[in-house]
Amino acid sequence: MNKVSGLTSAIITGALALSIFSFDILAISPDFIDDALVAPERKRSDKNRDPLRKPAEVLRFLGLQEGDTVLDIFSGGGYYTEILSRSVGQSGNVTAHNNQAYRRIMSYDLEDRYNDRRLANVTLLQAEPADLKLDNDTYDFVIMALAYHDFYIQTDDWPEFDVNKMLREVFKSVKKGGVVGIIDHVAISGSGHSVAQKLHRIDPELVIAEMKSVGFVLEAESDILANDSDPHDIPMWDPSVRGRTDRFILKFRKP
């Protein structure tokens, strides 16, 4: 064998070995979010929601990391809370926030979510938005999933509150460089806050302006949950779009 062919053979052999080594590394390093989704302990009702809510794509876009300290604001029945809990693992933890109205509305989904410390790294926090108190520089990752529009809902058990004050509380609780992810139903541009009461939607530009006003920086937007056939002027529960609304995803960072 001449020197050139011998060198070529060595290069091919080395590349093949590197390829096999790389494949082995991938094979033993499964994605922690995907692992959380296929956990046999997850509720069947939650798994049935996954195709439309695309949690793996959403959380990868937002940059969730193993070991993160997470706050789930208006966590509702805990769909995202459980995925977050299983994703961040034993070295991470999740605070699941609700107010009294949310706990009442979502009681059917909460009956066995947290029984017997089923999610041992989750801490439950019940507080009305006006009374929310959070520790400084605590969270790596905050999520508000289909909840921001509820800041502008007003009912007998959901009194009006100072949204800017609440957002400032969230801002101080996020670590420098931490992320806030917001998912919500798109409202018509310029429709204002009142549409939240009628349609349970919100204009993403309002969200961006309000988050920026307290110091967050908009880092990215995603169309993972977009639906161009949603007219944006009907309630999110209308049968034609229920579960399939056009939803925006905004990723903010604390500088």
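Residues numbered from 1 in each chain as written. Predicted model: local features only at pLDDT ≥ 70, side-chain atom pairs only at ≥ 80, totals over all residues. Heavy atoms only, no water.

1. As for the pattern of salt bridges
Then, in step 1: In this structure the tally under the stated criterion is 18 salt bridges.
Then, in step 2: For the salt bridge of Asp112 with Lys43, the shortest nitrogen-to-oxygen distance reads 2.8 Å. Of this pair, Asp112 sits in the loop between helix H7 (107–110) and strand S3 (122–126) while Lys43 is found in the loop between helix H2 (32–37) and helix H3 (44–53), placing the two residues 69 residues apart along the sequence.
Then, in step 3: You can call Lys43 buried: its relative accessible area is 14%.
Then, in step 4: Of the charged contacts, one joins Arg118 and Glu82 as a salt bridge, the two residues approaching to 2.8 Å between their closest N and O atoms. One end of the pair, Arg118, is in the loop between H7 and S3; the other, Glu82, is in helix H5 (residues 79–88), with 36 residues separating them in the sequence.
Then, in step 5: For Arg118, a relative accessible area of 27% corresponds to the partly exposed category. (Salt bridge = Lys/Arg side-chain N within 4 Å of Asp/Glu carboxyl O. Helix = DSSP H or I, 4+ residues; strand = E, 2+ residues; numbered from the N terminus. Buried < 20%, exposed > 50% of the residue type's maximum accessible area, 1.4 Å probe, protein only.)

2. Some points on the nonpolar core
Then, in step 1: Judged by nonpolar contacts, the single largest core of 65 residues is most densely connected at Tyr148 and Phe151.
Then, in step 2: Apart from the residues lying within four places of it in its own chain, the contact partners of Tyr148 are Val163, Leu167, Ile182, Asp184, Ile202, Val207, Glu210 and Met211. (Core = buried A, V, L, I, M, F, W, Y, C linked by side-chain atoms within 4.5 Å. Contact = heavy atoms within 4.5 Å.)

3. Looking at unusual backbone geometry
Then, in step 1: Its identity is not glycine, yet Asp137 carries a phi of approximately 50°, on the positive side.
Then, in step 2: Examined against the element boundaries, Asp137 turns out to sit in the loop between S3 and strand S4 (139–145).
Then, in step 3: Its identity is not glycine, yet Leu146 carries a phi of approximately 55°, on the positive side.
Then, in step 4: Checked against the element boundaries, Leu146 lands in the loop between S4 and helix H8 (163–173).

4. Some words on the sheet that holds strand S6 (residues 217–222)
Then, in step 1: Ordered in space as S3-S2-S1-S4-S5-S7-S6, the seven strands form an open sheet in which the pairing is mixed. Across the chains shown, the open sheet's two edge strands, defined by having one partner strand only, are S3 and S6. Averaged over all pairs of adjacent strands, the angle between their axes in this sheet comes to 20°, without regard to strand direction.
Then, in step 2: Looking at chain direction, S4 and strand S5 (residues 174–185) are connected through six bridges and run parallel. Bridge pairing links Phe141 to Val179 in S5.
Then, in step 3: Helix H4 (residues 55–62) contacts S4, S5, S6 and strand S7 (247–253) of the sheet and is inclined by roughly 30° relative to S7.
Then, in step 4: The strands touched by helix H10 (residues 204–213) are S5, S6 and S7; relative to S7, the strand with the most contacts, the crossing angle is about 15°. (Pairing = 2+ DSSP bridges. Axes fitted to C-alpha atoms, helices over the stretch in contact; angles between N-to-C directions.)

5. With respect to the packing of aromatic side chains
When we look at a pair of aromatic rings, we describe it by the centre distance and by the angle of the planes.
Then, in step 1: The full count for this structure, using the stated rule, is eight aromatic pairs.
Then, in step 2: Pairing Tyr79 with Tyr80 gives two aromatic rings, centres 5.3 Å apart and planes at 85°, and the pair type is edge-to-face.
Then, in step 3: For Tyr79, a relative accessible area of 3% gives the class buried.
Then, in step 4: The exposure class of Tyr80 is buried, given its relative accessible area of 4%.
Then, in step 5: Taking 5.6 Å as the distance between ring centres and 50° as the angle between the ring planes, the aromatic pair formed by Tyr102 and Trp158 counts as tilted. You can see Tyr102 sitting in helix H6 (residues 100–105) and its partner Trp158 sitting in the loop between S4 and H8, a full 56 residues away along the chain.
Then, in step 6: Since its relative accessible area comes to 10%, Tyr102 is described here as buried.
Then, in step 7: Its end group placed over the ring of Phe171, Lys254 keeps NZ or CZ at 4.6 Å from the ring centre. (Phe/Tyr/Trp six-rings, centres within 6.5 Å; stacked < 30°, edge-to-face > 60°. Lys NZ or Arg CZ within 6 Å of the ring centre and 35° of its normal.)

6. Quick notes on H3
Owing to its 3.6 residues per turn, the α-helix aligns residues three or four sequence positions apart on the same side.
Then, in step 1: Of the positions making up H3, those classed as buried are Asp46, Lys47, Asp50 and Arg53. Projected down its long axis, H3 shows its buried positions confined to an angular sector of 120°, all on one face. Facing away from the buried side of H3, by more than 90 degrees, are the exposed residues Arg44, Asn48 and Pro51.
Then, in step 2: Those residues of H3 hidden inside the fold are in contact with H2, H4, H5, S4 and S7.
Then, in step 3: Just downstream of H3 lies Lys54, where phi reads positive at about 50°. (Arc of directions from axis to C-beta.)

7. Description of the packing of H3 against H5
Pairs of packed helices are described in terms of their axes, by the angle between the two and the distance that separates them.
Then, in step 1: Following both chains from N to C, one finds H3 and H5 inclined at 90°, their axes separated by 11 Å at the closest point. Looking at the two axes, H3 sits roughly perpendicular to H5. Within the contact between the two elements, H3 uses Asp46, Arg49, Asp50 and Arg53 and H5 uses Tyr79, Tyr80 and Glu82.
Then, in step 2: Looking at the contact of H3 with H5 residue by residue, the classes come out as two nonpolar, no polar and five charged. (Parallel < 35°, antiparallel > 145°, perpendicular 65-115°, else oblique. Nonpolar A, V, L, I, M, F, W, Y, C, P; charged D, E, K, R; others polar.)

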